[in-house]
Amino acid sequence: MTTERTLPDSDFLSKTGTWIQNATPAYKVDYFKTTTIKNSLIRFVGVLDQPYLYKNLNGELTGISYDLILLMQRNLGFQFEILLAEDGSYGSKRPDGSWTGMMGYLTENRADMSANFMFALSDRLQAADMSINLVQSGLLMLLKRTIHPLDFFNVFYPFSWYVWISIMFSMVVLSVTLFVSDKISPNKSDKPMFSFMASFFLVLSSFLMSKVETEPRKPSARLFTLLLWFSTLFYMTTYVSNLVPFLVKPDESVPFTTITELQNATSYRAIFWNNSIAYTTVQRRWPNLVQTAKANWPEDMLQPSAAAAVETLKSNDRYVYIDSATTINYQKTKDCVLKTYGPLEEVVYETTMIRKNYPFTNEVRSFLNSVRYSEYQNLEKKYFGLNRCPTSVINPADKIPLSFSYFAGLFAAVGIGSVLGFLYIILHWVYRKVVLWLARRRSRNKLEYGKTYEAEIIKITKEGVWVKIEGRQEVFFIANNSLHSDPTKIKTAKSLQLRVRQKIQVQYFGKDSATNNRIFARLFENSEWLQAERNRVVDSDSD
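Residues numbered from 1 in each chain as written. Predicted model: local features only at pLDDT ≥ 70, side-chain atom pairs only at ≥ 80, totals over all residues. Heavy atoms only, no water.

Trainee: How would you summarise the packing of helix α1 (residues 64–76) against helix α14 (residues 375–384) if you had to cite specific residues and measurements?
Mentor: Packing of α1 against α14 brings their axes to within 10 Å, and their N-to-C directions diverge by 150°. Classified by chirality, the crossing of α14 by α1 is right-handed. Here α1 contributes Ile64, Asp67, Leu68 and Leu71 to the contact with α14, which in turn contributes Glu375, Tyr376, Leu379, Lys382, Tyr383 and Phe384. When grouped by side-chain class, the residues that make up the contact of α1 with α14 number seven nonpolar, no polar and three charged. (Axes fitted to C-alpha atoms, helices over the stretch in contact; angles between N-to-C directions. Helix = DSSP H or I, 4+ residues; strand = E, 2+ residues; numbered from the N terminus. Left-handed = near helix turned anticlockwise from the far one by under 90°. Contact = heavy atoms within 4.5 Å. Nonpolar A, V, L, I, M, F, W, Y, C, P; charged D, E, K, R; others polar.)

Following this line, the structure appears as structure tokens:
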């Protein structure tokens, strides 16, 4: 690109150009014959690299380097043109000693100065001169901010699993302590003893900061409860204080802090801007990292530009972009999802390079040194002040999206608690039904005085028979004199033609007060002895 130039004022008695007959324009200015920088033409060489030199939406050049050139032009009065290096690189030394990129333009006298700032490396200083140390720089790593992964147990992450297990264990211990302390305390009729379930639910409600209807009444239990509530207050505040930063801040932990450690982080991939000095430096300083990248992700390792590297980086949070600190910091200010990692490595200064034997080197150095701490800092603020992610406030991009999936663990815990609550109610209902059924069964099986039962003969002896009442497991003995209607006439079961497994009707007359045996008699209608026996037995069934 060549800027619009006007004819400079001629110095007194000095040749500034040549008149050419029948030519347009007729006057050709010879800038290189001037003896002062004011009337000279400075040829700058650069590459498109934000924030140094790039094109805006209108296709015009802009950037820190371009604005600095304009500042130099206003004060030193020179004209300039900007050439773009054909290979788009800053320049590296070839095996034959020649240079690529911008350094090639300077060493071959095709350009006078570099527009972009460059690392002042020793091999470059042998091939060209530097102006002044403008910016302290080096290598930095750029990564995409990683958000907490959404999973089932997000709400439990503020505490480790060891802490949660300890809390559950302490709840059981505190429940037992409350139950025992309430049990051994002096008891009164108006202050009933606390049950274990009531103790457990009181401790559970204290940890959940909720209220229960059942409260301890004894002084010892009340004192224990007050201390428990005071302790759970610290527990809850600690949980909330750990939960809030977890919700607001992203997870920025990575398994490395330096480029050297990055070589061993196999799950991360290093990418570079092709032909950049950062890539050349990494090749020399960390060859294993470059070899690993070439072997495993050669398609993505080298990017055509810094912007392309950032887009690749944003597409995968496992990529690590390594470049100069100025480029990395500028890219970070443009997007809140990016973050720099690690310390500044391979610290060097960035400067503008000047070709050897350039006649106005001292004038350029003097001017740059005069504006280094004033106008140049204003240029930095102009481009780096576009930071959309100030550190003094919480960035919206850093906030975790509070969606249903994030609180899935909490909702699941509430759901499980509700299911367990309903299950407890159902089991409690079943338990009461079973207890009631058993009570009714016992009441049905209870022998009632004077009631008639059906019995089965299971054994016959000389003294009587052994029978089993239907619905009961016990066996009872009925003497021979209770097997017929006239007990004055002794008859045996054999004489009465009774047999095993025969069903007979018997009537219960309670327990014998002397032997505590149950009294049964075979039932006969219109039996005078049976009626007399009913009147005689007064000892009712105590079962």
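This is not the end of the story, as more comes after the structure.
Trainee: Describe the environment of Ser181, with residues and values.
Mentor: If you trace the backbone, Ser181 turns up in helix α4 (residues 161–184). The buried category is assigned to Ser181, whose relative accessible area is 18%. Between the alpha carbons of Ser181 and Lys218 there is a distance of 9.6 Å; along the sequence they are 37 residues apart. (Buried < 20%, exposed > 50% of the residue type's maximum accessible area, 1.4 Å probe, protein only.)

Trainee: How would you explain the nonpolar core if you had to name every residue and give the values?
Mentor: Membership of the largest hydrophobic core comes to 63 residues, with the highest contact counts inside it found for Phe44, Met72, Phe78, Ile82, Met103, Phe117 and Tyr321. The leading source of residues in this core is α1, at seven residues. Of all hydrophobic cores here, the second largest spans 26 residues; its members include Ala265, Ala270, Val290 and Ala293. (Core = buried A, V, L, I, M, F, W, Y, C linked by side-chain atoms within 4.5 Å.)

Trainee: How would you sum up the environment of Tyr90? Please name residues and give values.
Mentor: Assignment of secondary structure puts Tyr90 in the loop between β6 (79–84) and α2 (101–107). Separated by 3.5 Å, the side chains of Tyr90 and Asn116 make a polar contact. (Polar contact = N/O pair within 3.5 Å; in protein donor to acceptor, adjacent residues only side chain to side chain.)

Trainee: Residues and numbers for the sheet that holds strand β19 (residues 503–511), please.
Mentor: Ordered by their spatial adjacency, five strands build an open sheet running β18-β17-β16-β19-β20, and the pairing between neighbours is antiparallel. The two strands at the open ends of the sheet, each matched to only one other strand, are β18 (475–479) and β20 (518–522). For this sheet, the mean angle separating the axes of adjacent strands, direction not counted, is 50°. With five bridges joining them, strand β17 (residues 464–469) and β18 adopt antiparallel strand pairing. (Pairing = 2+ DSSP bridges.)

Trainee: A description of the UniProt feature "binding site: L-glutamate" (unreviewed entry) in the chain should follow, citing residues and the corresponding values.
Mentor: UniProt's feature table lists "binding site: L-glutamate" (unreviewed entry) at Arg124, given in the numbering used throughout. With respect to the helices and strands, Arg124 occurs in helix α3 (residues 122–127). (UniProt positions renumbered as here; feature names shortened; annotations may be inferred.)

Trainee: Can you lay out the packing of helix α8 (residues 277–285) against helix α9 (residues 287–296) for me, pointing to particular residues and giving the numbers?
Mentor: Contact geometry of α8 with α9 gives a least axis separation of 5 Å together with a crossing angle of 110°. The orientation of α8 relative to α9 falls into the category roughly perpendicular. Of α9, the residues touching α8 (which contributes Tyr279, Val282, Gln283, Arg284 and Arg285) are Pro287, Leu289, Val290 and Lys294. Partitioning the contact of α8 with α9 into residue classes produces five nonpolar, one polar and three charged. (Parallel < 35°, antiparallel > 145°, perpendicular 65-115°, else oblique.)

Trainee: Give me the lowdown on the packing of aromatic side chains, citing residues and values where you can.
Mentor: One pass over the structure, following the stated rule, counts 13 aromatic pairs. Consider the rings of Tyr52 and Phe117, whose centres lie 5.5 Å apart with planes at 65°: the pair is edge-to-face. Of the two residues, Tyr52 is situated in the loop between β3 (41–46) and β4 (54–55) and Phe117 in the loop between β7 (113–114) and β8 (118–119); the sequence distance between them amounts to 65 residues. There is no split in this pair, since Tyr52 and Phe117 are both buried. On the numbers, 6.4 Å between centres and 80° between planes, the contact of Tyr449 with Phe509 is edge-to-face. Taken together, the positions of Tyr449 in the loop between α15 (408–445) and β16 (452–460) and Phe509 in strand β19 put the pair 60 residues apart, joining distant regions of the chain. Ring pairs connect the aromatic residues Phe44, Tyr66, Phe78 and Phe80, which therefore count as one cluster. Seen from the ring of Tyr105, Arg110 lies directly overhead, with NZ or CZ sitting 3.9 Å from the centre. The ring of Tyr268 has Arg318 lying over it, and the distance from NZ or CZ to the ring centre is 4.7 Å. (Phe/Tyr/Trp six-rings, centres within 6.5 Å; stacked < 30°, edge-to-face > 60°. Lys NZ or Arg CZ within 6 Å of the ring centre and 35° of its normal.)

Trainee: So what's going on with the pattern of salt bridges? Which residues, and what values?
Mentor: All chains considered together, the criterion is met by seven salt bridges. With a closest N to O distance of 3.4 Å, Asp112 and Arg43 form a salt bridge. One end of the pair, Asp112, is in the loop between α2 and β7; the other, Arg43, is in strand β3, and 69 residues separate them in sequence. When its relative accessible area of 1% is taken as the criterion, Asp112 is described as buried. The class for Arg43 is buried, based on a relative accessible area of 17%. The salt bridge involving Arg284 is made with Glu346; its shortest N-O contact spans 3.8 Å. Of this pair, Arg284 sits in helix α8 while Glu346 is found in strand β14 (residues 338–351), placing the two residues 62 residues apart along the sequence. In this structure Arg284 comes out as exposed when scored by relative accessible area, which is 52%. When salt bridges that share partners are traced, they join Arg43, Asp112 and Arg355 into one network. (Salt bridge = Lys/Arg side-chain N within 4 Å of Asp/Glu carboxyl O.)

Trainee: Can you lay out the sheet that holds β8 for me, pointing to particular residues and giving the numbers?
Mentor: Strand order in this open sheet of six strands is β8-β14-β10-β13-β11-β12, and the pairing throughout is mixed. In the strand order of this sheet, the two ends are held by β8 and β12 (302–303), each with one partner. Here two bridges tie β8 to β14, and the two strands are oriented antiparallel to one another. Note that in β14 the partner of Phe119 across the bridge is Glu350. Together, β10 (135–144), β11 (269–273), β12, β13 (319–324) and β14 form the strand contacts of helix α11 (residues 306–315), whose direction differs from that of β13 by roughly 155°.

Trainee: For α1, give the residues involved together with the corresponding values.
Mentor: Between its first and last C-alpha, α1 extends 18 Å over 13 residues, near the 18 Å set by a 1.5 Å rise per residue. Among all positions in α1, only Ile64, Ser65, Tyr66, Asp67, Leu68, Ile69, Leu71, Met72 and Leu76 are buried. Buried-residue contacts for α1 involve β3, β5 (61–62), β6, β7, α13 (361–371) and α14. At the exit of α1 stands Gly77, carrying a positive phi of roughly 75°. (Expected span 1.5 Å × (residues − 1).)

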